[in-house]
Amino acid sequence: MATVGGRKRLAWRAPGSSRSGSRDPGVSRRRLAELTVDEFLASGFESEAESEAEDASEAATREACERAAARSSGGPDGSPSARRRRGRASEHKDQLSRLKDKDPEFYKFLQENDQSLLDFSDSDSSEEEEAQFHSLPDALEVASEEDEEGEDGERIPRGLQEKKGESVSVTLTMVERWKQAAKQHLTPRLFREVVRAFRAAVATTQGDPEGAEACRFRVTDSSVFNALVTFCIRDLFGCLQKLLFGKAPVDSSRMLQPSTSTLWGRLRVDIKVYLNGVVQLVTCLAEATVLAAVLRHVSSLVPYYLTFPKQCRTLLKRMVALWSTGEESLRVLAFLVLVRVCGHKKDVFLSAVLKHMYVTYVRNCKFTSPSTLPLVSFMQRTLTELLALDPGVSYQHAFLYIRQLAIHLRSAMTTSKKEMHQSVYNWQYVHCLHLWCRVLSVLGSNEAFQPLVYPLAQVAIGCIKLVPTARYYPLRMHCVRALTLLSESTGTFIPVLPFILEVFQQVDFNRRPGRMSSRPINFSVILKLSSANLQEKAYRDGLVEQLYDLTLEYLHGQAHSIAFPELVLPTVLQLKAFLRECKVANYCRQVRQLLEKVQENAEFICSRRQKASFGVSDRLAVDTWEKQARDEGTPLTRYYSHWRKLRDREIQLEISGKERLEELNFPEVKRRRRVEDRREEDKRQFKDLFDLDSAEEEGGADFSERGKPGSLRTLQGAEVEEGKRDDQEDEEEEEEEEYSSLSEDGDPDTEAGLLPSELWQLAEGPQDELEDLQLSEED
């Protein structure tokens, strides 16, 4: 906008002219001073800026007309590219030409200072101006499935172009041809075709018809699917290794990085697609034998998965799922894949995998039974092995989760509510406690884990003392076993024996059982006993056996200690007191055997340490003495090794026996009928016998007189006494003397009672005898 003295210059517009319409060329502008008053009032005014805009619109109209004419004439400027080049350059040139007339001073200034701006032509619109703006192509094309971008953003060539919707059906002949060609010489193009076919085969297992249709190949026959998957799993990997590296490495233990190959750039995208397909195949398979073969193939593909972090994380998640829920062989194979991946990329994957495995372990040990207990033990041992890969990372997880167990225990101790107690007294808490005791027993030699031994032991002891009742004796046994493992492996003294000897004082083993049990109680798969279990004989039998096992296991770890005689003194006193009070022969036999072995080992340690020439304060000499005693062995350790073998064999037979018994259908054992039921049945049975006709009343009277010693009332009384005696003998066999005394003091009618067979003979009467009738002649 041009200004004169800081004011806008106004131009007069003739009346009747329009701002947007075309102006009459005969009408010319006049200065404001040339207008009369009437013309001034009747006319409109506009600034020069508005007039410039109007002139620009007129110029745009002219340019549009010229473009239309050029398009119709088919000139060189009629193409879209020519129009784009002419666009803004022509408009800028027109504005510069108008600037010379409207503002000559400014135009003169540009001539003196920036002549290049004025020397502007249509040819100066170079391709750089076009590059600033995106131009749509003349025809859009559909991208195929091979148009993928790598992780670095590079564009991957598509290779062969396929038409949209076209797919080739894979046949057995094609698979065989691919197989033979790959064995002779695998090429990148052949590998791409095989990967496309494999991807199409995997898409059919996911139930995704759209994904299968998007592939170039189509797999419809099950035999073709089996042949293609078998070829990829068995033969394709070896051919790919040969293509990338040329020959097998000299050192087979060293892992080759596929990215170091010169062909990696051409095969990278196809290998990535193949790895995704293998993970999807592992997810879809249900047959254990086929899945095991695929997992072995996955283990050989670990170097390729390590090259793609995203695909590797997906693989690890699936392996953790199989490690926790699959069959035994699949669990082992999945764990081997986890160890191999985490062993090579500890800093990237180990921490996340440990966290995922621990959460999965807690989720899967919520319920424990004889069938699931070996699986829980497998997860404990394998997770411990994985934690041992990097003690630095493992310490962070151990500290965090042990602290979490302590917080749960503190909440249960401060809040006396049943719900809070249940947060501690459950299988998940007990198995986590046992897991960290096992981890510290393996990694306890590391100085970083030494500070965690004391808090973990305190958590286990607090768990025992939370509800110290007889109903939770099985849970106490689990905690004692975990503490024994921790004490023996770390060489730390933990007072475990008081929690074992306390049971001998609290339970009355001489008390007669309130009920008989059909089967023994398995303390390894229960945490809590019911009120009915506490009354059973099997409960006390199992409790004595558990006390024997736990005492022997703990003392085995201390058998080489130089202070063993003083350590077992309370145990010896308690066992002797138990033998004096207990009257059950089976219990006394086990406890006496344990006492003899403990005393034998104590005498051995006493006789051995009498020969020592060092003092108690010489810690180094004491450690050397104990190490020598451990290496040579003690009577208790030798007995324990023999007992442990027999005990493990017994547990295996017990587990296998239970599995066989579950498959059998035993007949139901019915108890004897009650006396009242038998009495009613006898009445129905003899009803017709005693409903006699009136004509036979005398015969009935004779029968009653003749059967007076064994009358019906007497027989019923005898059966009542006999039924009571049989039921009581079934429930309590130990009361036979009382029953015999009652029978001796019984009624004489009871002694004279008849058996049912004799009653039948009396009811039938004597057999009728047929005699020949002698008739006289008169008769």
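Residues numbered from 1 in each chain as written. Predicted model: local features only at pLDDT ≥ 70, side-chain atom pairs only at ≥ 80, totals over all residues. Heavy atoms only, no water.

**Q** Whenever I open this one, the overall build of the protein confuses me. Can you help?
**A** Looking only at helices and strands, one finds 37 helices and 6 strands in the protein. Considering the protein as a whole, with its 779 residues, one finds that 37% of them fall into the buried category. A fraction of 71% describes how many contacts in the protein between residues 6 or more apart in sequence connect residues 24 or more apart. When the accessible surface of the protein is totalled, it reaches about 48,000 Å², and 51% of it is carbon and sulfur. (Helix = DSSP H or I, 4+ residues; strand = E, 2+ residues; numbered from the N terminus. Buried < 20%, exposed > 50% of the residue type's maximum accessible area, 1.4 Å probe, protein only. Contact = heavy atoms within 4.5 Å. Areas by Shrake-Rupley, 256 points an atom, 1.4 Å probe, with all protein chains shown as cover.)

**Q** Can you help me understand helix H22 (residues 473-490) in this one?
**A** An α-helix turns once every 3.6 residues. As a result, residues three or four positions apart point the same way. With 18 residues, H22 extends 26 Å between its outermost C-alpha atoms, agreeing within 8% with the 26 Å of an ideal straight helix rising 1.5 Å per residue. Extensive coverage of H22 is indicated by the burial of 14 of its 18 residues. (Expected span 1.5 Å × (residues − 1).)

**Q** What am I meant to see in the environment of Phe-604 here?
**A** With respect to the helices and strands, Phe-604 occurs in helix H28 (residues 585-609). Distance from Phe-604 to Pro-565, taken between C-alpha atoms, is 9.3 Å for residues 39 residues apart in sequence. Setting aside chain neighbours within four positions, we find Phe-604 in contact with Gly-633, Thr-634 and Pro-635.

**Q** Just to check I follow, could you spell out the pattern of salt bridges for this structure?
**A** In a structure, side chains of opposite charge can pair up when their charged atoms sit close to one another. Following the criterion strictly, the structure yields 13 salt bridges and no others. With a shortest N-O distance of 2.7 Å, Glu-545 and Arg-647 are connected by a salt bridge. Taken together, the positions of Glu-545 in helix H25 (residues 537-557) and Arg-647 in helix H30 (residues 635-663) put the pair 102 residues apart, joining distant regions of the chain. The exposure class of Arg-647 is buried, given its relative accessible area of 13%. For Arg-644, the salt bridge is made with Asp-648, and the minimal N-O distance between the two is 3.2 Å. Taken together, the residues span about one helical turn, with Arg-644 and Asp-648 both in helix H30 at a distance of 4 residues. For Asp-648, a relative accessible area of 35% corresponds to the partly exposed category. What emerges from the salt-bridge pattern is a single network uniting Arg-481, Glu-553, Arg-644 and Asp-648. (Salt bridge = Lys/Arg side-chain N within 4 Å of Asp/Glu carboxyl O.)

**Q** Explain the nonpolar core here, please?
**A** Core analysis: the largest hydrophobic core is formed by 172 residues, its most contacted members being Trp-178, Trp-323, Trp-436 and Leu-543. Sort the elements by how many residues they give to this core and helix H10 (residues 222-245) lands first, with 13 residues. Those residues in contact with Trp-436 that lie beyond four places of it in its chain are Tyr-358, Leu-387, His-397, Ala-398, Tyr-401, Ile-402, Leu-405 and Leu-456. (Core = buried A, V, L, I, M, F, W, Y, C linked by side-chain atoms within 4.5 Å.)

**Q** What's the story with the side chain of Thr-490 in this structure? I'm lost.
**A** The residue Thr-490 is located in helix H22 in this model. Under the relative-accessibility criterion, Thr-490 is labelled buried at 16%. For Thr-490, the side chain forms a polar contact with the main-chain oxygen of Leu-486, separated by 2.6 Å. Polar side-chain contacts of Thr-490 include one of 3.2 Å to the side chain of Thr-492. With near-sequence residues (within four places) excluded, Thr-490 lies in contact with Leu-440, Ser-441, Gly-444 and Val-453. (Polar contact = N/O pair within 3.5 Å; in protein donor to acceptor, adjacent residues only side chain to side chain.)

**Q** For this particular structure, what's the right way to read the packing of aromatic side chains?
**A** Aromatic ring pairs: the centre-centre distance and the angle between the two ring planes describe each pair. Overall, the coordinates contain 15 aromatic pairs when judged by the stated rule. The residue whose ring lies beneath Arg-608 is Trp-625, and the NZ or CZ to ring-centre distance is 5.6 Å. (Phe/Tyr/Trp six-rings, centres within 6.5 Å; stacked < 30°, edge-to-face > 60°. Lys NZ or Arg CZ within 6 Å of the ring centre and 35° of its normal.)

**Q** Quick question: what am I supposed to make of the packing of helix H16 (residues 346-364) against helix H18 (residues 391-414) here?
**A** Packed helix pairs are specified by the crossing angle of their axes together with the interaxial distance, meaning the distance between the axes. Relative to each other, H16 and H18 sit at 35°, their axes nearing to 10 Å. Like other packed secondary-structure pairs, H16 and H18 cross with a definite hand, here right-handed. Of the residues in H18, those in contact with Ser-351, Leu-354, Lys-355 and Tyr-358 of H16 are Val-393, Ser-394, His-397 and Tyr-401. Among the residues making up the contact of H16 with H18, the classes are represented as 4 nonpolar, 3 polar and 1 charged. (Axes fitted to C-alpha atoms, helices over the stretch in contact; angles between N-to-C directions. Left-handed = near helix turned anticlockwise from the far one by under 90°. Nonpolar A, V, L, I, M, F, W, Y, C, P; charged D, E, K, R; others polar.)

**Q** Honestly, helix H17 (residues 373-387) in this entry has me stumped. Any pointers?
**A** Over its 15 residues, H17 runs 21 Å from end to end, which matches the ideal 21 Å to within 8%, given 1.5 Å per residue. Looking only at H17, the buried set comprises Val-376, Met-379, Gln-380, Thr-382, Leu-383, Thr-384, Leu-386 and Leu-387. On its buried face, H17 is in contact with helix H14 (309-325), helix H15 (328-344), H16, H18 and helix H20 (427-443).

**Q** Before we go on, may I ask you to explain the environment of Ala-457 in this structure?
**A** Along the polypeptide, Ala-457 turns up in helix H21 (residues 453-466). Residue classification places Ala-457 among the buried positions, given a relative accessible area of 7%. Residues Ala-457 and Cys-437, spaced 20 residues apart in sequence, show a C-alpha to C-alpha distance of 8.4 Å. Ala-457 has contacts with Leu-483, Leu-486 and Ile-494, leaving out every residue within four places of it along the chain.

**Q** How should I be thinking about the packing of H17 against H20 in this particular structure?
**A** Following both chains from N to C, one finds H17 and H20 inclined at 40°, their axes separated by 10 Å at the closest point. Classified by the angle between their axes, H17 and H20 sit oblique to one another. Our pair here, H17 against H20, has a crossing hand that is right-handed. Note on element contacts: H20 touches H17 through His-431, His-434, Leu-435, Trp-436, Arg-438, Val-439, Val-442 and Leu-443, opposite Leu-373, Val-376, Gln-380, Arg-381, Leu-383, Thr-384 and Leu-387. Its residues assigned to classes, the contact of H17 with H20 shows 9 nonpolar, 4 polar and 2 charged. (Parallel < 35°, antiparallel > 145°, perpendicular 65-115°, else oblique.)

**Q** Sorry if this is basic, but what is going on with the state of the cysteines here?
**A** Defined simply, a disulfide is a covalent bond joining two cysteines at their sulfur atoms. Per the stated rule, a full pass over the model turns up 0 disulfides. Free cysteine: Cys-588, not disulfide-bonded; nearest cysteine sulfur from Cys-582 at 3.8 Å. (Disulfide = S-S within 2.5 Å.)

**Q** Hey, could you run me through the confidence of the model for the protein in this one?
**A** Atom-level detail of predicted coordinates should not be read off regions where pLDDT is low. Overall, the predicted model of the protein reaches an average pLDDT of 75, with 64% of residues at or above 70. Low pLDDT, under 50, characterises residues 69-85; the predicted model gives this stretch 10 contacts beyond four residues in sequence or across chains. In the model, residues 689-720 has pLDDT below 50 throughout and makes 24 contacts with residues more than four positions away in sequence or in other chains. (pLDDT = per-residue confidence, 0-100.)

**Q** Even after reading the chapter, I still don't get the environment of Leu-375, so can you show me in this structure?
**A** Along the chain, the position of Leu-375 falls in helix H17. Look at Leu-375 and you get partly exposed, because its relative accessible area is 30%. Separated by 50 residues in sequence, Leu-375 and Thr-325 have C-alpha atoms that sit 8.9 Å apart.

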